[in-house]
Amino acid sequence: MCSALVLPEAGTPAPAFTTLNQRGDTVSLSDYQGKTLILYFYPKAMTPGCTTQACGLRDSQAELAAHNAVAVGISPDAPARLQKFIDRDQLNFDLLSDEDHQIAEAYGVWGLKKFMGKEYMGINRITFIIGADGIIQHVMPKVKTKSHHDDVIALLTIA
């Protein structure tokens, strides 16, 4: 159902946000000014696809750092569940909580999904690459969990 989503476009300012990370610390978009932000939305912590995606980024931290980039995941999970995800999989980047899905709505990733014949509202797996100036550089509407990290690095390389 991604086609029905209205996503912010490359070349436009990223929607501002403030939320809690896995430690319960307040985090805002402005905290990442000066770095390229890989803001990736995922449906649920500790599920197979989300784990594959997160571990790929975990293992790509050196390549991301070489491009002055930092990865941050965001889901509707509570901070305590995010911390369990980080601990379980030794993730080396922040995960942000969007329990009321306000950030997902601002980024256009909250929408209708289908699974096993059932329709429901949820987060669609979409990534935004936001420049050091807060402007969206790339929107990745079709994310493959196994190659996400490589796809992100490829986009950073051509930027």
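Residues three or four positions apart in an α-helix share a direction because the helix packs 3.6 residues into each turn. Those residues of helix α5 (residues 148–158) not exposed but buried are His 148, His 149, Val 152, Ile 153 and Leu 156. One side of α5 carries all its buried residues, which in axial view fall inside an arc of 130°. For α5, exposure combined with an orientation more than 90 degrees from the buried face picks out Thr 157 and Ile 158. Residues of α5 that are buried sit in contact with β3 (36–41), α1 (48–58), α2 (61–66), β4 (69–75), β8 (126–130) and β9 (136–140).

The subject of this paragraph is a nonpolar patch on the surface. Side chains of Phe 115, Met 116 and Tyr 120 sit close together on the surface and give an oily, nonpolar patch of about 390 Å² of accessible area. By the element assignment, Met 116 lies in the loop between β6 (110–115) and β7 (118–123). Residue classification places Met 116 among the exposed positions, given a relative accessible area of 72%.

Here we take up the pattern of salt bridges. Scanning the entire structure with this criterion turns up 6 salt bridges. Two residues, Asp 94 and Arg 23, come together in a salt bridge whose shortest N-O distance is 3.5 Å. Linking Asp 94 in the loop between α3 (79–89) and β5 (95–97) with Arg 23 in the loop between β1 (18–21) and β2 (26–28), this pair joins segments that are 71 residues apart in sequence. One salt bridge in this structure joins Arg 58 and Asp 59, with 2.8 Å as the shortest N-O distance. Judged by relative accessible area, which is 21%, Arg 58 ranks as partly exposed. Overlapping salt bridges bring together Arg 23, Asp 25 and Asp 94 as one network.

Bringing the environment of Ile 129 into the picture now. By secondary structure assignment, the location of Ile 129 is in strand β8. On the basis of relative accessibility, which here comes to 0%, the residue Ile 129 falls in the buried class. Placed 58 residues apart in sequence, Ile 129 and Ala 71 show a C-alpha to C-alpha distance of 9.2 Å. Non-local contacts of Ile 129, meaning those with residues more than four positions away in its chain, are made with Thr 36, Leu 37, Ile 38, Ile 135, Ile 136, Gln 137, His 138, Met 140, Val 152, Leu 155 and Leu 156.

This paragraph deals with the packing of aromatic side chains. Taken as a whole and assessed by the stated rule, the structure comprises 7 aromatic pairs. Between Phe 41 and Tyr 107, the ring centres sit 5.4 Å apart and the planes meet at 45°, which makes this aromatic pair tilted. Here Phe 41 is found in strand β3, whereas its partner Tyr 107 is found in the loop between α4 (102–106) and β6, with 66 residues between them in sequence. Like Phe 41, the residue Tyr 107 is buried in the burial classification. The interplanar angle of 50° and the centroid separation of 6.2 Å between the aromatic rings of Tyr 42 and Phe 85 together place this pair among those described as tilted. With Tyr 42 in the loop between β3 and α1 and Phe 85 in helix α3, this pair connects stretches of sequence that are 43 residues apart. Phe 85 shares its class with Tyr 42; the two are buried. An aromatic cluster of at least three residues, connected via ring pairs, comprises Phe 17, Phe 41, Tyr 107 and Phe 128.

Thresholds, definitions, all that
Residues numbered from 1 in each chain as written. Predicted model: local features only at pLDDT ≥ 70, side-chain atom pairs only at ≥ 80, totals over all residues. Heavy atoms only, no water. Buried < 20%, exposed > 50% of the residue type's maximum accessible area, 1.4 Å probe, protein only. Helix = DSSP H or I, 4+ residues; strand = E, 2+ residues; numbered from the N terminus. Arc of directions from axis to C-beta. Contact = heavy atoms within 4.5 Å. Patch = residues over 30% accessible without salt bridge, like charges linked within 9 Å, V, L, I, M, F, W, Y side chains within 5 Å. Areas by Shrake-Rupley, 256 points an atom, 1.4 Å probe, with all protein chains shown as cover. Salt bridge = Lys/Arg side-chain N within 4 Å of Asp/Glu carboxyl O. Phe/Tyr/Trp six-rings, centres within 6.5 Å; stacked < 30°, edge-to-face > 60°.

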